[in-house]
Amino acid sequence: MRWLVAMMIAIFPGTGSADTAGEFDYYVLSLSWSPNWCAIEGDARGSDQCDPRRDHGWILHGLWPQFERGYPDFCQTTERAPSRAMTRDMADIMGTSGLAWHQWKKHGTCTGLSATQYYTVSRSAYASVNRPEILRRLTDPVKIAPTVIEETFLKANPGLQPDQITITCKAGHIQEARICLTKDLAPRRCGADVLRECSASSLFTPVR
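Residues numbered from 1 in each chain as written. Predicted model: local features only at pLDDT ≥ 70, side-chain atom pairs only at ≥ 80, totals over all residues. Heavy atoms only, no water.

1. Overview of the overall build of the chain
Helix and strand counts for the chain come out as 7 helices and 6 strands. When the helices and strands of the chain are placed in sequence order, the string is α-β-α-β-α-α-α-α-β-α-β-β-β. Its C-alpha atoms give the chain a radius of gyration of 17 Å, near enough to 17 Å, the size a compact globule of 208 residues would have. Each principal axis of the C-alpha distribution contributes one length, and for the chain these read about 55 × 35 × 30 Å. Looking at the chain as a whole, 44% of its 208 residues are labelled buried. When the accessible surface of the chain is totalled, it reaches about 10800 Å², and 54% of it is carbon and sulfur. Separation between the mean location of the 23 positive side-chain charges and that of the 22 negative ones in the chain comes to 4 Å. (Helix = DSSP H or I, 4+ residues; strand = E, 2+ residues; numbered from the N terminus. Rg over C-alpha atoms; globule rule 2.2 N^0.38 Å. Buried < 20%, exposed > 50% of the residue type's maximum accessible area, 1.4 Å probe, protein only. Areas by Shrake-Rupley, 256 points an atom, 1.4 Å probe, with all protein chains shown as cover. Lys, Arg positive; Asp, Glu negative; His and termini not counted. Charge placed at Lys NZ, Arg CZ, Asp CG, Glu CD.)

2. Notes on the state of the cysteines
Linking two cysteines covalently via their sulfur atoms produces the bond known as a disulfide. Evaluation of the coordinates by the stated rule reveals 4 disulfides. Across the disulfide, Cys-169 is cross-linked to Cys-198 (sulfur-sulfur distance 1.9 Å). Handedness here is read from the sign of the S-S torsion; for Cys-169 and Cys-198, about 50°, the answer is right-handed. You can see Cys-169 sitting in strand S4 (residues 165-170) and its partner Cys-198 sitting in the loop between strand S5 (173-181) and strand S6 (202-204), a full 29 residues away along the chain. For Cys-169, a relative accessible area of 23% puts it in the partly exposed group. A sulfur-sulfur separation of 2.0 Å characterises the disulfide bridge that pairs Cys-180 with Cys-190. Disulfide Cys-180-Cys-190: the torsion about the S-S bond is 115°, which places it as right-handed. Linking Cys-180 in strand S5 with Cys-190 in the loop between S5 and S6, this pair joins segments that are 10 residues apart in sequence. Along the chain, the cysteines engaged in disulfide bonds are linked according to the scheme 1-2, 3-4, 5-8, 6-7 when indexed in sequence order. (Disulfide = S-S within 2.5 Å.)

3. A few points about the pairing of strand S2 (residues 58-66)
Across the 9 residues that make up S2, a large majority, 8, are buried. With 8 bridges connecting them, strand S1 (residues 26-33) and S2 associate as antiparallel partners. Residue pairing across strands places Ser-30 opposite Gly-62, the latter belonging to S2. (Pairing = 2+ DSSP bridges.)

4. Looking at the confidence of the model for the chain
Residue-level pLDDT values for the chain average 91, and 91% of them are 70 or greater. Note on residues 1-17: pLDDT is under 50 here. Beyond four places in sequence and across chains, it has 13 contacts. (pLDDT = per-residue confidence, 0-100. Contact = heavy atoms within 4.5 Å.)

5. Side note on the nonpolar core
Side chains of a nonpolar character, in soluble globular proteins, are inclined to be buried together. Counting 37 residues, the largest nonpolar core has Leu-29, Leu-31, Trp-58, Ile-149, Phe-153, Ile-179 and Phe-204 as its most contacted members. Breaking this core down by element, the ones donating at least two residues are S1, S2, helix H4 (91-94), helix H5 (97-106), helix H6 (115-127), helix H7 (146-156), S4 and S5. With 5 residues, the single largest contributor to this core is H6. Tyr-26, Trp-64, Cys-190 and Val-194 belong to the second largest nonpolar core, which has 6 residues in total. (Core = buried A, V, L, I, M, F, W, Y, C linked by side-chain atoms within 4.5 Å.)

6. Some details on H6
Between its first and last C-alpha atoms H6 spans 18 Å; for 13 residues at 1.5 Å apiece the expected length is 18 Å, and the two agree. The set of residues buried in H6 consists of Ala-115, Tyr-118, Tyr-119, Ser-122, Ala-125 and Tyr-126. Seen end-on, H6 carries its buried residues on one side only, within an arc spanning 125°. For H6, the secondary structure elements touched by its buried residues are S1, S2, helix H3 (84-88), H4, H5 and S5. (Expected span 1.5 Å × (residues − 1). Arc of directions from axis to C-beta.)

7. Things to note about the side chain of Ser-32
Checked against the element boundaries, Ser-32 lands in strand S1. Among all residues touching Ser-32, those that are not within four sequence positions of it are Trp-37, Gly-57, Trp-58, Ile-59, His-61, Gln-175 and Glu-176.

8. Digging into the packing of aromatic side chains
Enumeration over the complete set of coordinates arrives at 7 aromatic pairs. Note on Phe-24 and Tyr-27: the rings are 5.0 Å apart at their centroids and 50° apart in plane angle, and the pair reads as tilted. Through a chain of ring-to-ring contacts, the aromatic side chains of Trp-33, Trp-58, Phe-153 and Phe-204 assemble into a single cluster. Across from the ring centre of Tyr-126, 3.9 Å away, lies the NZ or CZ of Arg-131, which sits over that ring. Taking NZ or CZ as reference, Lys-183 lies 4.4 Å from the ring centre of Phe-24, over its face. (Phe/Tyr/Trp six-rings, centres within 6.5 Å; stacked < 30°, edge-to-face > 60°. Lys NZ or Arg CZ within 6 Å of the ring centre and 35° of its normal.)

Shown next, in the form of structure tokens:
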């Protein structure tokens, strides 16, 4: 039985129970375009993130520990879980406290940091990237190539290189901008499994 578990972990990295908190190679900063998430699934959920009084653009989906290939998740940790106040305080950049909780449980536990430290580092990583203001000026939904979104990020962040960012899509919508960072939050090259950019033009919905 042990050989079977070992084989599954080798084939499907990031899904086994052997992930150790604090053991990873770099971070992936995932930024989600809130209007598109709301159009795909958030509106149907009645998420507070999608309330018309909100004005979310690129929110922090998460800060993910990453291996050069694969990733750890749901690690065993001796750190205490975040309080409701801690997750609530992240909602300004994450949309909801529920997302903040989920990101700690799945990814934060693998950083080797306390919940307080993880949220602090996540906020610092989010602040370290300039989110293109030009995308907030759109007034109507448009079909746009993911490379155009990538180019706006590269222009807004002169130190960022094409192999350090990827744009993902879901259900015909631009979904996320994923930027690879060192443990010191400096841009670095993404692993091959992260650099999987969608190719077809996809819908980009303006801030409502």
